[in-house]
Amino acid sequence: MTQTPPPEDYESLISLIHDRHDSMSKTHQQIAVYLTQNPNDVAVRSVNAIGQSCDIHASSFVRFAQSLGYDGFKSLQVLFQQRLATAAPGFEARVHALKQELESRDDLSEAVLLRDLVVSDAASVQSLLDEIDANDLAEAAKILSDAETVFLLGQLRSAPVVELIRYLLTMAGKKCIMLDPSGGLATHVARTMGSKDALLAVSFRFYANEVVSIVEEVAAQGQKIVALSDSTLSPLAKSANVLLAAYEHPGPLSRSVTAPICLAQAIALAVASHKQNTPSVPDIPSVTGSEQ
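Residues numbered from 1 in each chain as written. Predicted model: local features only at pLDDT ≥ 70, side-chain atom pairs only at ≥ 80, totals over all residues. Heavy atoms only, no water.

Provide a residue-level description of unusual backbone geometry, including the pertinent values.
Trans is the prevailing form of peptide bonds, just as negative phi is the prevailing case for residues other than glycine. Although it is not a glycine, Asp55 adopts a positive phi angle of roughly 60°. Mapping Asp55 onto the fold places it in the loop between helix H4 (47–53) and helix H5 (58–67). Note on Asp55: relative accessible area 73%, which makes it exposed. (Helix = DSSP H or I, 4+ residues; strand = E, 2+ residues; numbered from the N terminus. Buried < 20%, exposed > 50% of the residue type's maximum accessible area, 1.4 Å probe, protein only.)

Structure below.
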């Protein structure tokens, strides 16, 4: 029996990982999530360092690569290195320069936390330019702008992201309903969605159970769903019409929301652009601005 050769480019590799994700062991699923969320780190770090980052033995990464047809992890890693060589040219150098500048300062106490946070969040925000497909963002904006009502869903760390989206969309003239978990009614309110409504769901590891179940139920009803998450392997991916992923880069604050906040603002601007038919200069007024 002839074995299928492994993928020869990054895009094909990620596609294969998505196709096989559900049938992978739990450890291999964790590895798959790490690889898809941290492509730049995978390109430049050793397999031992990568394993330490996610508390998985390096040998498991080797076996993961072999399960996809490679002779070892280095053969798989080459594809990540090729991607980094062409994606965001010069960005790694800019991040390195920023880190060096901050490290040169004398106040190395709390300033160290600021330095590391700025560097990691800058990397996460920059990765949005590399990873967010323009067609996906346009489709998400169309779904939300065409909807009669946008239902918003997000809990725990996702809550501030959803609150910001609600504020921006409301100020842009979009009718929104928040699926607030308080009172235990979020699931029941979601069932009041009409056929012309849409759901915008936000969830990150470790994905809130109620959010996942509501998204699955709404999808079964046939409503449109836009999801914002931290991985294309998120449990929201199967149900969403469009999934936009804001990847995280290692830093002092686990689960920083800087990149998701940036992506949320971009979504709101894109919706405003659709509503106002002004693609280059959408306007979202503020409450304080409207009162002056």
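An account of the nonpolar core is requested, with residue identities and associated values reported.
In this structure, Leu144, Val150, Leu152, Ile165 and Leu263 are the most contacted members of the largest nonpolar core, which totals 32 residues. The set of elements that each furnish at least two residues to this core consists of helix H9 (134–146), strand S1 (150–154), helix H10 (159–171), strand S2 (176–178), strand S3 (198–202), strand S4 (224–229), strand S5 (242–245) and helix H13 (258–276). The leading source of residues in this core is H13, at 7 residues. One finds Val33, Ala43, Phe64 and Ala65 within the second-largest nonpolar core, a separate group that totals 26 residues. (Core = buried A, V, L, I, M, F, W, Y, C linked by side-chain atoms within 4.5 Å.)

Outline helix H1 (residues 10–20), listing residues and values.
Buried within H1 are the following residues: Tyr10, Leu13, Ile14, Leu16 and Ile17. One side of H1 holds all its buried residues, which, seen down the axis, span an arc of 160°. For H1, the exposed residues set more than 90 degrees away from the buried face come down to Glu11 and Asp19. The distance from a side-chain oxygen at the start of H1 to the backbone nitrogen of Glu11 is 3.2 Å, and the residue carrying that oxygen is Asp9. (Arc of directions from axis to C-beta. Polar contact = N/O pair within 3.5 Å; in protein donor to acceptor, adjacent residues only side chain to side chain.)

So what's going on with the packing of H10 against H13? Residues and values would help.
Where H10 contacts H13, the axes come no closer than 9 Å and their chain directions differ by 20°. The orientation of H10 relative to H13 falls into the category roughly parallel. Pair H10 / H13 crosses with right-handed handedness. Where H10 approaches H13, its residues Pro160, Val161, Leu164, Ile165, Leu168 and Leu169 are matched on the opposing element by Pro260, Ile261, Ala264, Gln265, Ala268 and Val271. Per-class residue counts for the contact of H10 with H13 are 11 nonpolar, 1 polar and no charged. (Axes fitted to C-alpha atoms, helices over the stretch in contact; angles between N-to-C directions. Parallel < 35°, antiparallel > 145°, perpendicular 65-115°, else oblique. Left-handed = near helix turned anticlockwise from the far one by under 90°. Contact = heavy atoms within 4.5 Å. Nonpolar A, V, L, I, M, F, W, Y, C, P; charged D, E, K, R; others polar.)

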